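Coordinates in review
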Amino acid sequence: MDALSELLRVVRLTGATYIDAELSAPWAIQTPPASAIAERLAPGAEIVIPYHLVPDGECFVQVGGEAPLAVSGGRVVMLPHGDVHVLSSQPGLQAMRITTDMTVKLARPDSVARVRYGGGGARTRLICGFFACDEALSGHLVKHLPPLVQCGVGASNAAALLERTVRDSRETPAPGAGAVFGKLSELLFVDAIRAYLGTQPAQRGWTAG
């Protein structure tokens, strides 16, 4: 068994999808600290990793003083260290700050909250969620990852399945949807890590195995 499979076999990883957002330019939002979200939505988790799937349109993601990262439709971006970040239709816009209370109110255990926001221009759709990780995963894998990791959405990978499931749930909510979203989020994390490691010419620590 390879190193990544062995690690993911023993760690505890949970996930939740909580926002299906339709955003129209111009728009910009700043997320709350992932640690604050963890205290309310995933008590006991050592780390919470936010992610954003972009089924349609495009956006920019910026962490701290780093240059904004353009994310096109058909890609997913995750923030392994849970950094506060800004999502926007273009760099330089004044961002609306999303509070932890706002996020918690939107979170629903068995459905996805729908949100519409923006100035009425070009539209971007985001599916937002998080992974809650235990110490084994954060200690051996997450600390080696960059602030932002992104990968493409294939025709049959977890991101595509998650997008279709969220879309279908808007039309016909089904019992147990929360469990399905959680499992697909977990698979999405595995796909993203595999895609990221596949692009790295040299590995450090356990990933060198």
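Residues numbered from 1 in each chain as written. Predicted model: local features only at pLDDT ≥ 70, side-chain atom pairs only at ≥ 80, totals over all residues. Heavy atoms only, no water.

**Some points on the nonpolar core**
Of all hydrophobic cores here, the largest spans 28 residues; its most connected members are Met78, Phe131, Leu162 and Leu188. Among the elements of the structure, strand E3 (47-56), strand E6 (75-78), strand E10 (123-133), strand E11 (149-152), helix H5 (158-171) and helix H6 (177-198) are those that each provide at least two residues to this core. Setting aside anything within four residues of it in sequence, one finds Met78 in contact with Ile49, Pro50, Tyr51, Phe131, Leu145, Pro147, Leu148, Val149, Phe189, Ala192 and Ile193. Ala34, Val77, Leu87 and Leu126 belong to the second largest nonpolar core, which has 21 residues in total. (Core = buried A, V, L, I, M, F, W, Y, C linked by side-chain atoms within 4.5 Å. Buried < 20%, exposed > 50% of the residue type's maximum accessible area, 1.4 Å probe, protein only. Helix = DSSP H or I, 4+ residues; strand = E, 2+ residues; numbered from the N terminus. Contact = heavy atoms within 4.5 Å.)

**Some words on the packing of aromatic side chains**
A complete count under the given rule lists 2 aromatic pairs for this structure. Relative to Phe131, the ring of Tyr51 lies with its centre 4.7 Å away and its plane at 25°, an arrangement referred to as stacked. Remark: Phe131 occurs in strand E10 and Tyr51 occurs in strand E3; sequence separation between them is 80 residues. On the basis of relative accessibility, which here comes to 0%, the residue Tyr51 falls in the buried class. Given a relative accessible area of 1%, Phe131 falls into the buried group. A centroid spacing of 5.1 Å and a plane angle of 65° characterise the contact between Phe131 and Phe189, whose relative ring orientation is edge-to-face. Of this pair, Phe131 sits in strand E10 while Phe189 sits in helix H6, placing them 58 residues apart in sequence. Exposure class is identical for Phe131 and Phe189. Each is buried. Ring-pair connections join several aromatic residues into one group, and the members of that group are Tyr51, Phe131 and Phe189. (Phe/Tyr/Trp six-rings, centres within 6.5 Å; stacked < 30°, edge-to-face > 60°.)

The quantities given are spatial measurements derived from coordinates; they are silent on function.
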